[in-house]
Structure formats: C-alpha cells, structure tokens
Amino acid sequence: MSLPVTHPLVDGRTTNSALVAAYSGEAPSRRPVWFMRQAGRSLPEYRALREGVGMLESCLRPELASEITLQPVRRHDVDAAIFFSDIVVPLLLAGVDVDIVPGVGPVMGSAVRTADDVARLRDAGPLTAQALEPVSEAVALTVAALGSTPLIGFAGAPFTLAAYLVEGRPSRDHLAARTLMHADPDTWRALTEWAADVTGAFLRAQVLAGASAAQLFDSWAGSLSLADYVTHAAPSSARALGSVAGLGVRTVHFGTGTSELLAAMRDVGADVIGVDYRLPLDEANRRLGGRTPLQGNIDPALLQAPWPVLEAHVRDVLARGALAPGHVANLGHGVPPDTDPEVLTRIVQLVHEA
C-alpha cells in the first residue's frame, strides 16, 4: 500500500517543510524545532479544555484530540505538531483493561506474566481499522488544519508496552519484565510480537491518515543492557517500525537513558535518532558514525533557569547538532508540567533566528 493521494507528503503540503528536510539529512532554510509533550499541562488552554475529561477519553474524542494537538503550534510557532494521544491507547483499543491514574500513570487491570496471559491477548484478535477510527479521524482533522506544518505520528515501542503489561503499572527498574525475558523467553517473545503488531497498527493508522513522520518512543529501554536490548527488544521494535516501512515517511526512534543503545536503536529501521539530555549531540553523532540525523536534546531542567543560562545551553545544543547530517531541535525529554509556556516560545524564536 502507498500513501493516499490526499496525503500531505503526496500533494506537496509538507514535502518541503523544514522538519521533513532535516529528518531526510538535508539542510532546511531554518533549523526546525518542536517539543516532546508540547501539547499538555504546561498550557493553560490545554488545562481548560481537559477540565472534567479523563486522559484516555480525551485521546479518543477526535475533535478534542485534534484541538489539543494544534494548541502548541498556534502558540509557539513550532515546526511540527505531535499527535496528542498516549502509548497505551492501542492497548485499550485492543481490549486491554488499562487506565491512566492521575499521579501514577498507566495501570493495568491485571499483570501479564504467563503464556496463558499472553494467549488471551492474542486471542482477542488484531487491532482493526474500525477500532482505530477515532485515531484516524483525529489525525485527518488535525492535518486539514495544519496546512504546511507536518504532523508527527507516534507510538510506544513494544518493550515499553510489554514492561507496562508485565509490571501492571509504572516501575523504576522493570524487574518483572526483565525477569520474564530471561526466565521464559518464548512467552516474552510472544508478548513483544503482539505489542509490536498492536502499536504498529496504531502508528500506521496515523501515517495513512496524514502524519508526515512517525516517532517510536521506548521510554524504558534505558533499563536494558545493550546485549539484552539487541536480543529481547530490537526484533519487536523492528517489527513495529516495519508497519510503516515503504510508505515514504521518516521514522524517529527515541528513548531515555539509551546513550549506549543509539546505534542498535537506529539499526532496527529508524531514519532519525532522538537523543536525551544525558549525551552531547556531537558525541551521539560520533557514536552513530556521522550518518544519522539527530533530534534533541535541550535539558528540560534548564527551562526554569535564568534566560542567559538557558540561551547559552540552547546555542550549545544547536552547535553540536549542526555536526550531524540533519538536526531537529527538541528537548532531551518531555516538557515538564510547570514550564512557563513563554519560555518555550522564546526558545523557538532563538532556534529560528540562530
């Protein structure tokens, strides 16, 4: 299957955008910038819109999800929108009992730790286009409003989804997940393959509905050694990214605490590597052989520092990023909820002027 003729990359709306150019290893007229979690609690308009509406419900109401996605583009003049959703949405749509508990995060009705548990997930069947209709509709509404600004689709990497399923809730060290991958590798493989197919379908639906790029988030991959990542996580990430292979969209792979995994994360099939705040971009570029576009990696902790301190840091990130074949400025993690939105707007202006 190819992209629809109405897709922004096909009809030309986003083909020459700064973001797509940088993701393709080209030099756009200005350095593109956007922020992970740019749509969210740092914006008063977001808090007003979400009042009384649960997180998962807001993700599955197309008009609401679209409006939330558009808010930071209007406010900050960022070079891309990131689709507003959550990595557990495809799990919910596939029939998993999951809720996002305020102050805690995703919590499963029951943990998935045995072969029988995984078999019950698989017996529920694939994630269908009908189930994904709210996602496709929200993307289409958003793309229609964005014009020449590209939308980035996103999904959670299979390891991170599997870790949530096995632990049953957020975890600091993912001991149960890491135990399962070694104690029962067949069950672990079946679980991550299922997660890859579900999250891959979620990502593919966004791309076909109009997303001009796709980002795979592996929030918890940093808990793995390189050997464990290559053996127990990389195959399922490759499977997930394979869902959009051949569609002509650039893919980004990002994880936190993954400085030792960057090349392996690239080699699962990603075009661009997102780098967290722990590793300077020039060193990331060196580790990747100087042939991979980068995204990142302003330290979110500096967003509340005095402006001269933050400005010097942003300029340093831009200088180091300029050494890579392409660079998209971003944070080295998500926007903290208590960030002053005016600071983000000021960073965008600085990046564009620099």
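Our subject is the structure that appears above.
The structure displayed is predicted, hence computed values, not measured ones. (Residues numbered from 1 in each chain as written. Predicted model: local features only at pLDDT ≥ 70, side-chain atom pairs only at ≥ 80, totals over all residues. Heavy atoms only, no water.)

**With respect to the overall build of the protein**
Alright, step 1. Within the protein, the regular secondary structure consists of 17 helices and nine strands.
Alright, step 2. Relative to the globule expectation of 20 Å for 354 residues, the C-alpha radius of gyration of the protein, 19 Å, shows essentially globular dimensions.
Alright, step 3. Across its three principal directions, the C-alpha atoms of the protein cover 55 × 40 × 40 Å.
Alright, step 4. When each of the 354 residues of the protein is scored for burial, the buried share is 58%.
Alright, step 5. Taking the intrachain contacts of the protein between residues at least 6 apart in sequence as the baseline, contacts between residues at least 24 apart amount to 73%.
Alright, step 6. Here the protein displays about 13,900 Å² of accessible surface, and carbon together with sulfur accounts for 51% of that area.
Alright, step 7. Across the protein, 28 positive and 38 negative side-chain charges occur, with their mean positions spaced 3 Å apart. (Helix = DSSP H or I, 4+ residues; strand = E, 2+ residues; numbered from the N terminus. Rg over C-alpha atoms; globule rule 2.2 N^0.38 Å. Buried < 20%, exposed > 50% of the residue type's maximum accessible area, 1.4 Å probe, protein only. Contact = heavy atoms within 4.5 Å. Areas by Shrake-Rupley, 256 points an atom, 1.4 Å probe, with all protein chains shown as cover. Lys, Arg positive; Asp, Glu negative; His and termini not counted. Charge placed at Lys NZ, Arg CZ, Asp CG, Glu CD.)

**Quick notes on the pattern of salt bridges**
Alright, step 1. A complete count under the given rule lists 20 salt bridges for this structure.
Alright, step 2. Salt-bridge contacts for Asp11 lead to Arg13; the nearest nitrogen and oxygen are separated by 2.9 Å.
Alright, step 3. We classify Asp11 as partly exposed; its relative accessible area is 40%.
Alright, step 4. Asp316 is paired through a salt bridge with Arg320; the nearest N and O atoms lie 2.8 Å apart. Here the residue Asp316 and the residue Arg320 both occupy positions in helix H16 (residues 307–321), the gap between them amounting to four residues, near one helical turn. (Salt bridge = Lys/Arg side-chain N within 4 Å of Asp/Glu carboxyl O.)

**Topic: the sheet that holds strand S8 (residues 294–298)**
Alright, step 1. What the seven strands build is an open sheet, ordered S1-S4-S5-S6-S7-S8-S9; its pairing is parallel. Since the sheet does not close on itself, it has two edges, and those belong to strand S1 (81–82) and strand S9 (327–331), each with one partner.
Alright, step 2. Against the sheet, H16 contacts S8 and S9, and its axis sits at roughly 160 degrees relative to S8. (Pairing = 2+ DSSP bridges. Axes fitted to C-alpha atoms, helices over the stretch in contact; angles between N-to-C directions.)

**Quick notes on the side chain of His76**
Alright, step 1. If you trace the backbone, His76 turns up in helix H5 (residues 62–76).
Alright, step 2. His76 sits in the buried class, given a relative accessible area of 2%.
Alright, step 3. Within the structure, His76 has its side chain in polar contact with the side chain of Thr345 (distance 2.8 Å).
Alright, step 4. Filtering out sequence-adjacent residues up to four positions away, His76 remains in contact with Leu43, Pro341, Leu344, Thr345 and Val348. (Polar contact = N/O pair within 3.5 Å; in protein donor to acceptor, adjacent residues only side chain to side chain.)

**What to know about unusual backbone geometry**
As a rule of thumb, non-glycine residues mostly have phi less than zero, and peptide bonds are mostly trans rather than cis.
Alright, step 1. Residues Gly296 and Asn297 are joined by a peptide bond in cis, for which omega reads -15 degrees.
Alright, step 2. One can find Asn297 in strand S8.
Alright, step 3. With a phi angle near 60 degrees, Arg37 is a residue other than glycine that sits in the positive phi range.
Alright, step 4. On the secondary structure map, Arg37 appears in the loop between helix H2 (18–23) and helix H3 (44–50).
Alright, step 5. You can call Arg37 exposed: its relative accessible area is 54%.
Alright, step 6. The backbone of His174 shows a phi angle near 55 degrees, a positive value even though the residue is not glycine.
Alright, step 7. You can see His174 is positioned in the loop between helix H9 (158–167) and helix H10 (175–183).

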